[in-house]
Amino acid sequence: MEMVIERNRAAQIPYDPGIGSNDSIIKEIQRDWPAYNMTATGYEADIFVKAADNSTLVGEVWPGVTVYPDFTNDNIQDWWTHWIRFYRESVGVDVDALWIDMNEPSNFVKGSVKGCNQNNLNYPVYRPHLDGVEEKGELFVKTLCMDSQQTLGRHYDVHSLYAHTMAVRTYRSLESLFPGQRPWTMTRSSFVGTGHYATKWQGDNQAQWSNMHYSIISLMEFGLFGFPMNGADICGFWLEPSYEMCVRWHQLGAFYPFARNHNGKGDDPVVFKHQDPASFGQDFVNLVRPVLMTRYKFLPYLYTQLYRAHAEGETVFKPLFFEFASDTRTLSIDKQFMLGPAFLISPVLEDNVRMVKAYFPNGRWFDYINGEEINSVGQNVDLITPLNKFNLHIRGGYIVPWQTPNVTTEDSRINDLGLLVALGPDNTASGEMFWDDGISKVNETNYNLIKFDIIKAGELTIRTFVKSTTNIGGQLHFKTIEIYGLSRLPQNFAVNGHPLPSSNIKVYNNVSINLPSF
């Protein structure tokens, strides 16, 4: 963990709700950290979920026998904060954020180690299909007895609030531990409003081609549910991906708002192979590096979209019809998506496929890789997509900020910035960039909001719409402007009235302008 932090990386670790109550394990922990008594202090504060007979409900998760905090109990906040602080300061795991997992809540036994009572809460008259046991109607499969008790009511009534209340308590604990900073919590389970307190990922998916498609649908849906920062495990959590599947999943997952290659260990005797890029060899790394570095390059754009989600409730990972509401052909599209208003991604989602039939709404679109234009009237286009290519198109009429990428966001933000200009049908374009220190809670005075406009053909203006009154760190030096869609090369270029020499201008399918400092 220390090595991770020393390399300018934020550290986030899993923090499950099930609290181990096995005496032998607790004594083993206390040999290294004598002050550890999390279970005992929880009993003293009376903050654990209770069984129907008012005894503490005992289940089983990773530590063996466990008890479950009742996050609807107001007395839990100080206790929860104390033990997060203990973990950081006494154990020395200096985490920056918490990943709260297994919080449905999950249970490896049915209901409790004692089982559950025979009643209409545990065995309701309406019997949903639950993991193949629908004939018994057990509503407590893989979770707690429905007649167990929490402060706000029976678990039957508040089950769906368990993860939500855990997210709220964790958010407030991190607020206490990091004053003035915005907490980052990531949750597996959620409820209405949880997105105010936590980001999310899509849980334990599988290394199957179908799951790549499902991830697009899930992320679009959860964008509507208030989770703009969301993602699925790249290459799948369960099972082993093929070489080609994992390449294609990186080409998709690089454009998830939350992008992470994450897999399970498997269950003995089946142990899954590693699936990080390096584990597949150098050729694999060479195939996925371009798309991963493209993600890092456009982090200023993605960060700006997340700001808009925070400030105005915008969606980030969105269906095409959100941007093209009058185009009814976009209503059924769920194998392409928009990232913000400017990026259209058309991934390969099947094995051994080298061509994608992609729909382009009316307008100008530019292939990010080579600048080639598609001037669409609302039509399908066959995109040749060999294994080393990904389909990212820039929408005409938009100006997208970018930054020379590095291996961490902290290192990237000290690099030069640039703009990618994709001209619209009338040769105009606009865009914006949100910029702050990356960690503080946003207020009215601690960020910059910069607007870019080409209102008159040939003239780009950059103006600071909101200017920070505090030192937010990092430089704001726009070094390069790339222009897609020029019908002809202008005779001259000038910046703030200063002519640019021709050596600063490069012409491919697009025009690249290197800007000096004035």
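What counts and what doesn't
- Residues numbered from 1 in each chain as written.
- Predicted model: local features only at pLDDT ≥ 70, side-chain atom pairs only at ≥ 80, totals over all residues.
- Heavy atoms only, no water.
- Salt bridge = Lys/Arg side-chain N within 4 Å of Asp/Glu carboxyl O.
- Buried < 20%, exposed > 50% of the residue type's maximum accessible area, 1.4 Å probe, protein only.
- UniProt positions renumbered as here; feature names shortened; annotations may be inferred.
- Helix = DSSP H or I, 4+ residues; strand = E, 2+ residues; numbered from the N terminus.
- Axes fitted to C-alpha atoms, helices over the stretch in contact; angles between N-to-C directions.
- Parallel < 35°, antiparallel > 145°, perpendicular 65-115°, else oblique.
- Contact = heavy atoms within 4.5 Å.
- Nonpolar A, V, L, I, M, F, W, Y, C, P; charged D, E, K, R; others polar.
- Phe/Tyr/Trp six-rings, centres within 6.5 Å; stacked < 30°, edge-to-face > 60°.
- Lys NZ or Arg CZ within 6 Å of the ring centre and 35° of its normal.

What to know about the pattern of salt bridges
- Taken as a whole and assessed by the stated rule, the structure comprises 24 salt bridges.
- Here D327 and R329 are joined by a salt bridge, their closest N and O atoms 3.3 Å apart.
- A relative accessible area of 11% places D327 in the buried class.
- By relative accessible area, which is 47% here, R329 ends up partly exposed.

Description of the UniProt feature "domain: Glycosyl hydrolase family 31 C-terminal" (unreviewed entry) in the protein
- Sequence positions flagged by UniProt for "domain: Glycosyl hydrolase family 31 C-terminal" (unreviewed entry) are, in local numbering, residues 313-400.
- Taken end to end, residues 313-400 has its terminal C-alpha atoms 20 Å apart, with 0% of it in helix and 41% in strand.

Digging into unusual backbone geometry
- Put simply, E104 and P105 share a cis peptide bond, and its omega is 5°.
- Mapped onto the elements, P105 comes out in the loop between β5 (97-100) and β6 (149-150).
- With omega at 10°, the peptide bond leading from D268 into P269 counts as cis.
- Relative to the helices and strands, P269 resides in the loop between β13 (266-267) and β14 (270-271).
- With a phi angle near 55°, M102 is a residue other than glycine that sits in the positive phi range.
- Summarising the element assignment, M102 is placed in the loop between β5 and β6.
- One non-glycine residue, L239, lies in the positive phi region at around 75°.
- Within the element layout of this structure, L239 appears in the loop between β11 (233-234) and α8 (243-253).
- For L239, a relative accessible area of 36% translates into the label partly exposed.

Notes on the packing of helix α3 (residues 38-45) against helix α4 (residues 76-89)
- Interaxial distance between α3 and α4 falls to 11 Å at its minimum, and their mutual angle equals 170°. What the angle tells us is that α3 and α4 run roughly antiparallel. In contact with M38, T41 and G42 of α3, α4 contributes W79, W80 and W83.
- The residue makeup of the contact of α3 with α4, split by class, is four nonpolar, two polar and no charged.

Here's the deal with the side chain of K389
- Considering the arrangement of structural elements, one finds K389 in the loop between β21 (379-384) and β22 (392-395).
- Those residues in contact with K389 that lie beyond four places of it in its chain are R248, Q251, D367, I369 and I384.

Describing the packing of aromatic side chains
- Under the definition given, this model contains 35 aromatic pairs.
- Residues F48 and W79 carry aromatic rings whose centres are separated by 5.9 Å and whose planes lie at 90° to one another, so their mutual orientation is edge-to-face. Placement of F48 in the loop between α3 and β3 (58-61) and of W79 in helix α4 is noted, with a sequence separation of 31 residues between them.
- Given the relative accessible area of 7%, W79 is considered buried.
- Three or more aromatic residues joined by ring pairs make a cluster, and in this case those are Y43, F48, F71, W79, W80 and Y162.
- One residue, K297, lies across the ring of W402, its end atom 4.6 Å from the ring centre.
- A cation over a ring is seen here: K451 above F465, with NZ or CZ 5.2 Å from the ring centre.

Focus: helix α7 (residues 209-224)
- Within α7, burial applies to W209, N211, M212, H213, S215, I216, S218, L219, M220, F222 and G223.
- Lining the buried residues of α7 we find β9 (199-201), β10 (230-231), α8, β15 (317-318) and β16 (337-339).
- Positive phi appears at G226, one or two residues downstream of α7, with a value of about 95°.

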